[in-house]
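# Notes for the structure review
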Amino acid sequence: MRRLFPQPADVISAREAYDVARPRPAERPWVGLCMVSSLDGSTVVEGTSRALGSPADTDVLVSLRRLADVIIVGASTARHEGYGPPSKPGQRIGVVSRTGNVDLDTPLFTSGAGFLILPEDAPASPVDSIRAGTTDVDLRAAISQLDADYVHAEGGPTLNAALAADDLIDELDLTVSPLVAGGDGPRLVHAAPDVRQHMQLAHVLEDAGFLFVRYVRPTT
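This report concerns the structure included in the present document. These numbers were taken from a predicted model, which means no experiment stands behind them. (Residues numbered from 1 in each chain as written. Predicted model: local features only at pLDDT ≥ 70, side-chain atom pairs only at ≥ 80, totals over all residues. Heavy atoms only, no water.)

## Description of the side chain of Thr-48
Operational definition: Only DSSP runs of H or I covering at least 4 residues are called helices, and only runs of E covering at least 2 are called strands; the numbering of each starts at the N terminus. Three exposure classes are used, based on accessible area relative to the maximum for each residue type with a 1.4 Å probe and protein chains only: buried under 20%, partly exposed in between, and exposed over 50%. By the convention used here, residues are in contact when the closest approach between their heavy atoms is within 4.5 Å.
Within the fold, Thr-48 resides in the loop between strand S2 (30-37) and helix H2 (55-67). What makes Thr-48 buried here is its relative accessible area of 15%. Residues in contact with Thr-48, not counting those within four places in the same chain, are Thr-43, His-80 and Glu-81.

Set out below in structure tokens:
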């Protein structure tokens, strides 16, 4: 992997590139969103993101997970991608769901690493839960309850849209895959309202035709 911007470097590891300061906003953790998309904007191929990735993309994802205190993911993405327990000791994964209709017999939950993020009026659940909002999850209120400085969000597009709508995206770590996917796969955010949140380019990396761009919320 090489860095194109800033300060070009022929060789840099994902850990070196992404292990940077993340100033915690007042009243909630820093929220970073990590996604991969095709050149034509699709975030899935045949229902999952796996065909869009690469070894370097996996390395970036693993590095970001190891830097994060808590991971959050939408229930549909957790199901389709087969989420299991995180490799970082003590780390937990919050699965966001409006209904709580989640398979609690998967290793993610039987390991104790998984917890649910639900509306207050969702049915009772036997696993640990954070509740905020009515009918829909109030993500700002839910995230403010997390014991974390850095929350790493991994999609899918519906969760991303909710984060964007609530102005919760402090960092966007996007892998651009050198693939034209076609089809009607969802874009980075799905059904989000107009938000027009300006982001500041922090770095650009390249490996085997894949681009790894990091954008952050402007500090001024």
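Here the narrative resumes.
## Considering the sheet that holds strand S7 (residues 150-153)
Rules: One requirement defines pairing of two strands: DSSP has to find at least two bridges between them. Axis lines are fitted through C-alpha atoms, for helices just across the contact stretch, and the angle between N-to-C directions can take any value from 0 to 180 degrees.
Spatially, the 10 strands line up as an open sheet ordered S1-S9-S10-S8-S2-S7-S3-S4-S5-S6, and their pairing is mixed. In this open sheet, the two strands that pair with only one neighbour each are strand S1 (2-5) and strand S6 (129-131). Within the sheet, the average angular offset between the axes of one strand and its neighbour, ignoring direction, is 25°. Two elements, strand S5 (residues 114-118) and S6, share 3 bridges in a ladder whose sense is parallel. The partner of Leu-116 across the bridge, within S6, is Ser-129. Packing of H2 onto the sheet brings it into contact with S2, strand S3 (70-74), S7, strand S8 (171-176), strand S9 (200-207) and strand S10 (210-216), and relative to S7 it is tilted by some 145°.

## Considerations on the nonpolar core
Using the following cut-off: The nonpolar core is taken to be a set of buried Ala, Val, Leu, Ile, Met, Phe, Trp, Tyr and Cys residues, with the residues joined through side-chain atoms within 4.5 Å.
In this structure, Ile-72, Leu-146 and Leu-163 are the most contacted members of the largest nonpolar core, which totals 29 residues. Every element with two or more residues in this core is listed here: S2, S3, S5, helix H5 (139-144), S7, helix H6 (157-165) and S8. Excluding its chain neighbours within four sequence positions, the residues that come into contact with Ile-72 are Gly-94, Ile-117, Ile-143, Leu-146, Val-151, His-152, Ala-153, Glu-154 and Leu-159. Core analysis: the second largest hydrophobic core is formed by 17 residues, Ile-12, Cys-34, Leu-67 and Val-216 among them.

## With respect to the packing of aromatic side chains
Any aromatic ring pair is given by two values, namely how distant the centres are and how the planes are angled relative to each other. Just so we agree on the cut-off: Working definition: a ring pair exists when centres of Phe, Tyr or Trp rings (six-membered ring for Trp) sit within 6.5 Å. Plane angles under 30 degrees give stacked, over 60 give edge-to-face, the rest tilted. Charges are assigned to positions over rings by a cutoff of 6 Å between ring centre and Lys NZ or Arg CZ, combined with an angular limit of 35 degrees from the ring normal.
The final tally for this structure, using the stated rule, is 1 aromatic pair. Residues Phe-210 and Phe-212 carry aromatic rings whose centres are separated by 6.5 Å and whose planes lie at 20° to one another, so their mutual orientation is stacked. The exposure class assigned to Phe-210 is buried, which follows from its relative accessible area of 10%. The ring of Tyr-150 carries the charged tip of Arg-22 above its face, separated from the ring centre by 4.4 Å.

## Description of the environment of Ser-87
For Ser-87, the position within the fold is in the loop between helix H3 (75-80) and strand S4 (92-96). Overall, the relative accessible area of 57% leaves Ser-87 in the exposed class. Sequence separation between Ser-87 and Arg-66 is 21 residues; the distance between their C-alpha atoms is 8.2 Å.

## Let's talk about the pairing of S9
Sheet analysis places S1 next to S9, joined by 3 bridges and oriented antiparallel. Bridge pairing links Arg-2 to Glu-206 in S9. Here S9 pairs with S10 via 7 bridges, running antiparallel. If you follow His-203 over to S10, its bridge partner there is Arg-214. What sits between S9 and S10 in their antiparallel hairpin is a turn of 2 residues, with Ala-208 showing a positive phi close to 55°.

## Some points on the pairing of S8
Among the 6 residues that make up S8, 6 are buried, leaving the element largely enclosed by the rest of the structure. Residue alternation in S8 divides its side chains into two sets, Glu-171, Asp-173 and Thr-175 and Leu-172, Leu-174 and Val-176, and both sets are buried. Where S2 and S8 come together, 6 bridges link them in parallel fashion. The partner of Gly-32 across the bridge, within S8, is Glu-171. The sheet contact formed by S8 and S10 spans 6 bridges and is antiparallel. The partner of Val-176 across the bridge, within S10, is Leu-211.

## Some thoughts on the layout of surface pockets
To find leftover empty space, one rolls a probe the size of a water molecule over the atoms. This is how it is decided: Think of a 1 Å grid over the protein atoms and nothing else: a 1.4 Å probe that fits but is trapped marks a cavity, an open set flanked by protein within 12 Å on at least five of seven lines marks a pocket, and residues with an atom within 4 Å of a point count as lining. Grid points are joined across faces, edges and corners, and a volume is the space filled by probe spheres set on the points. Side-chain classes are defined by residue name, with Ala, Val, Leu, Ile, Met, Phe, Trp, Tyr, Cys and Pro counting as nonpolar, Asp, Glu, Lys and Arg as charged, and the others, Gly among them, as polar.
For the largest pocket, the calculated volume is near 1400 Å³. Going through the elements one at a time, S2, H2, S3, H3, S4 and H6 are the ones with two or more residues in the lining of the largest pocket. For the lining of the largest pocket, the leading source of residues is H2, giving 6 residues. Residues belonging to the lining of the largest pocket are distributed by class as follows: 19 nonpolar, 20 polar and 10 charged. One number sums up the size of the second largest pocket: a volume of about 280 Å³. Among the residues making up the lining of the second largest pocket, the classes are represented as 9 nonpolar, 1 polar and 2 charged.

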